[in-house]
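So you can see what is in the structure, the chains are spelled out below.
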Amino acid sequence: MTRTGRDYVDREGFASALNQLVAQKAAARPETCKTQVVRGGDVAVGADTEGRDLMVDVTIGLLAGRADETKAELTEAVVDLLREFAGSEDGCRMHVSAGVRDLDPSYRNAEFWSPGRRLLVSRSCRILPALSDP
């Protein structure tokens, strides 16, 4: 089993760049782009159990309606973006991947202010990032 790539990714820089990229490629409003980094457990890559492989996977949730070409361009750009923000230890391989899934028509999210603190409610707890506009 190997470690995930979380410790080898500039998460803040990547999240900001990812949100900008998704807004541009998917024709979304930047304020609707939200990124959540979720630390995964150990992963196995092929037969390697010596810990020489790291993995980062990005899943993008979009409201239905984007063309397949748009989704393909977006995931290619995300993989390229990961090359800028992800690194690995000497002797380790970094595996990166990205995919787009259509959000169910029932998807809803909300943002509201609570006394003394900001509270974000979202149904997309494992989606990176979720967009609320087509």
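Just so it is clear, the structure is predicted and the values come from calculations on it, not from any experiment.

## A short note on the pattern of salt bridges
Under the counting rule described, the total for this entry stands at three salt bridges. In this structure, Glu31 and Arg29 form a salt bridge, with 2.9 Å as the shortest nitrogen-oxygen distance. Owing to a relative accessible area of 57%, Glu31 belongs among the exposed residues under this scheme. The partner of Asp80 in a salt bridge is Arg83, and the shortest N-O contact between them spans 3.5 Å. A residue pair is termed a helical-turn pair when its members lie 3 or 4 positions apart in one helix, as Asp80 and Arg83 do in helix H2 (residues 68–85) at three residues. Accessibility expressed as a relative area gives 61% for Arg83, which makes it exposed.

## Describing the packing of helix H1 (residues 11–25) against H2
One can describe the packing of H1 onto H2 by two numbers: an axis separation of 10 Å at closest approach and a directional angle of 160°. Considered as vectors, H1 and H2 are oriented roughly antiparallel to each other. Crossing of H1 against H2: the hand is right-handed. Note on element contacts: H2 touches H1 through Thr70, Leu74, Ala77, Val78, Leu81, Leu82 and Phe85, opposite Gly13, Phe14, Ala17, Leu18, Leu21, Val22 and Lys25. Tallied by class, the residues present in the contact of H1 with H2 amount to eleven nonpolar, two polar and one charged.

Thresholds applied
- In this numbering scheme, every chain counts its residues from 1 along its sequence in written order.
- Local features in this predicted model are restricted to residues of pLDDT 70 or higher, and side-chain atom pairs are both shown and tallied only at a pLDDT of 80 or more, whereas totals for entire chains, interfaces and linings draw on every residue.
- Only heavy atoms go into the side-chain values, all of them from the structure, while hydrogens and water stay out.
- The term salt bridge refers to a side-chain nitrogen of Lys or Arg lying within 4 Å of a carboxyl oxygen of Asp or Glu.
- Only protein chains enter the accessibility calculation, which uses a 1.4 Å probe; a residue is then buried when its area is under 20% of its type maximum, exposed when over 50%, and partly exposed in between.
- Counting from the N terminus, the helices are the DSSP runs of H or I reaching at least four residues and the strands are the DSSP runs of E reaching at least two.
- Where helices are involved, their axes are fitted lines through C-alpha atoms of the stretch in contact, as for all axes, and angles between N-to-C directions lie from 0 to 180°.
- The labels follow the angle: roughly parallel below 35 degrees, roughly antiparallel above 145, roughly perpendicular from 65 to 115, and oblique for the rest.
- The crossing is said to be left-handed when, going from far helix to near helix, the turn is anticlockwise and less than a right angle, and right-handed when the turn is clockwise.
- Any pair of residues with heavy atoms lying within 4.5 Å of one another is described as a contacting pair.
- Three classes are used, and their members are as follows: Ala, Val, Leu, Ile, Met, Phe, Trp, Tyr, Cys and Pro are nonpolar, Asp, Glu, Lys and Arg are charged, and the others, Gly among them, are polar.

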